[in-house]
Amino acid sequence: DAVYDKLRSQGLTRQAALCMDVCRKAWKIARRRKPDDVPSLNPFEAMDIDRTRAETVPASHDQLVSFCEMAVEMGWPQMAFAARACWDLLQRPIDVFDRRTWADWRPSNRPGETLVTHNKNRRGETRDEWTPLEGVDPQTGETVVFYPELERFASLLEVQGTLMLMRPRKRGRQTDIKVWDPFPKRFREQLTARIAKAAGLPAGIGMRNFRHGGLTELGDAGLPDTWAQALSRHKQRTTLDTYIHRTTAQKQAGTLMRIEHRRSKS
């Protein structure tokens, strides 16, 4: 109970529940393996665990722009690209940082596309789909770049390895020579918080919020569920309810459609 309360006091509600689940299972295994040493009463069985999931607040587009501008100003275009990839390509942060390679970005055999990887941690599933980065405007016949800001930040990245996002790091007593490494999870989360704070954003705004903001943009744009699901790549249409948050813009658009419907009847 003390460990559980300590974790919850730090805001780690889901991690606290997972920790207790692991301890409960470990006790059962230990009891089966060492019945003479481990008591039969499992203290983790009857715990009152809070399993409610707090809703992720979607970031606004203005917050996204402020974050990206500050990231570039602070010398971290990698973080600006990551935020835009979470928003524009609707990728999870782990897929952007740990799985997005240069081979995925406008390869010679698919110059107008990028490979979008979606890894499902719970079931170990990985889905890769090629996504267009540009298309032809049916009215003008001109080529349109879908995500110009994402393209701009990609042009600021240095090719220093297989992954698109690498960080420069000095080792030992090196002064000028830098080694390029992937972004560790803790480092990128701390860096995200520093950039967000410097940009004057609310505490807690991170890459997950940018992804939820991009998904909510699908709802604000009035996309049918079929189109939204094609972009989000969720298997179940009902999953969209978790990620496409209800906004005032959606309510206003829906109200205008109702009013137009009434006018057409009169």
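It should be noted that the structure appears before, not after, this text.
Residues numbered from 1 in each chain as written. Predicted model: local features only at pLDDT ≥ 70, side-chain atom pairs only at ≥ 80, totals over all residues. Heavy atoms only, no water.

Q: Would you explain the overall build of the protein in this entry?
A: Regarding its fold elements, the protein presents 11 helices and six strands. Expressed as a percentage of its 266 residues, the buried residues of the protein come to 36%. Long-range pairs, those at least 24 residues apart, make up 54% of the contacts in the protein between residues at least 6 apart in sequence. For the protein, the accessible surface area stands at approximately 16,900 Å², while carbon and sulfur atoms represent 51% of it. (Helix = DSSP H or I, 4+ residues; strand = E, 2+ residues; numbered from the N terminus. Buried < 20%, exposed > 50% of the residue type's maximum accessible area, 1.4 Å probe, protein only. Contact = heavy atoms within 4.5 Å. Areas by Shrake-Rupley, 256 points an atom, 1.4 Å probe, with all protein chains shown as cover.)

Q: How should unusual backbone geometry be read in this particular structure?
A: Backbone geometry places Leu 90, a non-glycine residue, at a positive phi of 60°. For Leu 90, the location among the structural elements is in the loop between α4 (77-88) and α5 (93-98). The phi dihedral of Arg 106 is positive, around 45°, even though this residue is not glycine. Looking at where Arg 106 falls in the secondary structure, it is placed in the loop between α5 and β1 (113-120). Accessibility expressed as a relative area gives 25% for Arg 106, which makes it partly exposed.

Q: Which parts of the structure should I look at to understand the environment of Ala 203?
A: Along the chain, Ala 203 turns up in the loop between α7 (185-198) and α8 (207-220). Under the relative-accessibility criterion, Ala 203 is labelled exposed at 84%. Taking C-alpha positions, Ala 203 is 7.6 Å from Ala 193, a pair spaced 10 residues apart along the chain.

Q: How do you make sense of the packing of α4 against α8 when you look at a structure like this?
A: The angle between the axes and the distance between the axes are what describe a pair of packed helices. Running from amino to carboxyl end, α4 crosses α8 at an angle of 40°, the nearest separation of the two axes being 7 Å. Two packed elements cross with a definite hand, and for α4 against α8 that hand is right-handed. Note on element contacts: α8 touches α4 through Met 207, Phe 210, Arg 211, Gly 213, Gly 214 and Glu 217, opposite Met 79, Ala 82, Ala 83, Cys 86 and Trp 87. The residue inventory of the contact of α4 with α8, partitioned by class, reads seven nonpolar, two polar and two charged. (Axes fitted to C-alpha atoms, helices over the stretch in contact; angles between N-to-C directions. Left-handed = near helix turned anticlockwise from the far one by under 90°. Nonpolar A, V, L, I, M, F, W, Y, C, P; charged D, E, K, R; others polar.)

Q: Sorry if this is basic, but what is going on with the pattern of salt bridges here?
A: Here the idea is simple: oppositely charged side chains can pair when their charged atoms come close. This structure, assessed with the given rule, holds 11 salt bridges. Across the pair Arg 188 and Asp 98 runs a salt bridge whose closest N-O atoms are separated by 3.2 Å. Here Arg 188, found in helix α7, pairs with Asp 98, found in helix α5; they are 90 residues apart in sequence, far enough to count as distant. Its relative accessible area of 35% is what places Asp 98 among the partly exposed residues. The salt bridge involving Lys 185 is made with Glu 189; its shortest N-O contact spans 2.6 Å. Residue Lys 185 and its partner Glu 189 are both found in helix α7; the two are separated by four residues, about one turn of the helix. Classification of Lys 185 by relative accessible area gives exposed; the value is 52%. For Glu 189, a relative accessible area of 44% gives the class partly exposed. One network of salt bridges, in which partners are shared, links Arg 106, Glu 134 and Glu 151. (Salt bridge = Lys/Arg side-chain N within 4 Å of Asp/Glu carboxyl O.)

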